[in-house]
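This is what each chain is made of:
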Amino acid sequence: MNEKLAALQFAASSGVVFVEDADRPLSAEVNLSGELAEPDPTRSVTIKVAHAIDDLVLIEVQEGEKEPDGLSKFFDGPLVFEHGRLRVRDVTGDNLVTIGLSPGPSRVRIYSEAVEVPKFLIVLVPPL
């Protein structure tokens, strides 16, 4: 059984959320023109979600190994956490949660609804 570490519900003003190393600057995914930049695939995952004008987004961070029922796997791979801190946030960083992990690479799995623009995500991290 997975344990819920955190839950975050908000209106994603740009329809995008990031799952990333918390020791990156909040502006790391936005280029000089204000557009989304290419993410660092070793330290960040970018996910398109429901836009704020359409609905709220609910994101749970869970610890464990069991795949959640009824959701599709969006991402499964290692991310590098310089000081062992995972952050889930919106583009502006107004809505975020930070979870402590072990420093270095860690397997992260992200599950979403099986729709083009999900409103619900689970970020699954290994047992602490």
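Definitions and cut-offs
- Residues numbered from 1 in each chain as written.
- Predicted model: local features only at pLDDT ≥ 70, side-chain atom pairs only at ≥ 80, totals over all residues.
- Heavy atoms only, no water.
- Buried < 20%, exposed > 50% of the residue type's maximum accessible area, 1.4 Å probe, protein only.
- Helix = DSSP H or I, 4+ residues; strand = E, 2+ residues; numbered from the N terminus.
- Pairing = 2+ DSSP bridges.
- Axes fitted to C-alpha atoms, helices over the stretch in contact; angles between N-to-C directions.
- Polar contact = N/O pair within 3.5 Å; in protein donor to acceptor, adjacent residues only side chain to side chain.
- Contact = heavy atoms within 4.5 Å.
- Lys, Arg positive; Asp, Glu negative; His and termini not counted.
- Salt bridge = Lys/Arg side-chain N within 4 Å of Asp/Glu carboxyl O.

Visitor: For this particular structure, what's the right way to read the pairing of strand E4 (residues 57-63)?
Guide: Looking along a regular strand, one sees side chains alternate from face to face of the sheet. Extensive coverage of E4 is indicated by the burial of six of its seven residues. The pairing of strand E1 (residues 3-10) with E4 spans seven bridges and is classified as antiparallel. By the bridge assignment for E4, alanine 7 is matched with glutamate 60. Here six bridges tie E4 to strand E9 (residues 120-125), and the two strands are oriented parallel to one another. Bridged to isoleucine 59 within E9 is leucine 121.

Visitor: Sorry if this is basic, but what is going on with the sheet that holds strand E8 (residues 104-112) here?
Guide: Each strand in a sheet pairs with its neighbour through backbone hydrogen bonds, running either in the same direction (parallel) or in the opposite one (antiparallel). Pairing in this open sheet of five strands is mixed, and the strands run E1-E4-E9-E8-E5 from one edge to the other. The sheet is open, and its two edges are formed by E1 and strand E5 (72-81), each paired on a single side. Recorded for the sheet is a direction-independent mean angle of 20° between the axes of neighbouring strands. Inspection of the sheet shows E8 paired to E9 by four bridges, in the antiparallel sense. What sits directly across from isoleucine 110, in E9, is valine 123.

Visitor: How should the sheet that holds strand E6 (residues 85-90) be read in this particular structure?
Guide: Strand order across the open sheet formed by four strands is E3-E2-E6-E7, with antiparallel pairing between neighbours. The open sheet terminates on both sides in strands that have one partner only, identified here as strand E3 (44-48) and strand E7 (96-100). For this sheet, the mean inter-axis angle between neighbouring strands, taken without regard to orientation, is 15°. Here strand E2 (residues 16-21) pairs with E3 via five bridges, running antiparallel. Bridge pairing links phenylalanine 18 to threonine 46 in E3.

Visitor: Any chance you could explain the side chain of aspartate 21 here in plain terms?
Guide: As for its position among the elements, aspartate 21 is in strand E2. There is a polar contact of 3.0 Å between the side chain of aspartate 21 and the backbone nitrogen of aspartate 23. A distance of 3.0 Å separates the side chain of aspartate 21 from the backbone nitrogen of glutamate 82, its partner in a polar contact. Among residues more than four places away in sequence, those in contact with aspartate 21 are Arg43, Val80, Phe81, Glu82, Arg85 and Arg87.

Visitor: Explain the side chain of glutamate 63 to me, please; I cannot follow it from the model alone.
Guide: Note that glutamate 63 resides in strand E4. Notably, glutamate 63 is buried but unbridged: the nearest opposite-charge side chain belongs to arginine 109, and the N-O separation is 11 Å. Of the polar contacts made by the side chain of glutamate 63, one reaches the backbone nitrogen of leucine 128; its length is 2.4 Å. Sequence-distant contacts of glutamate 63, that is, excluding residues within four places in its chain, are made with Asn2, Glu3, Leu5, Leu124, Val125, Pro126, Pro127 and Leu128.

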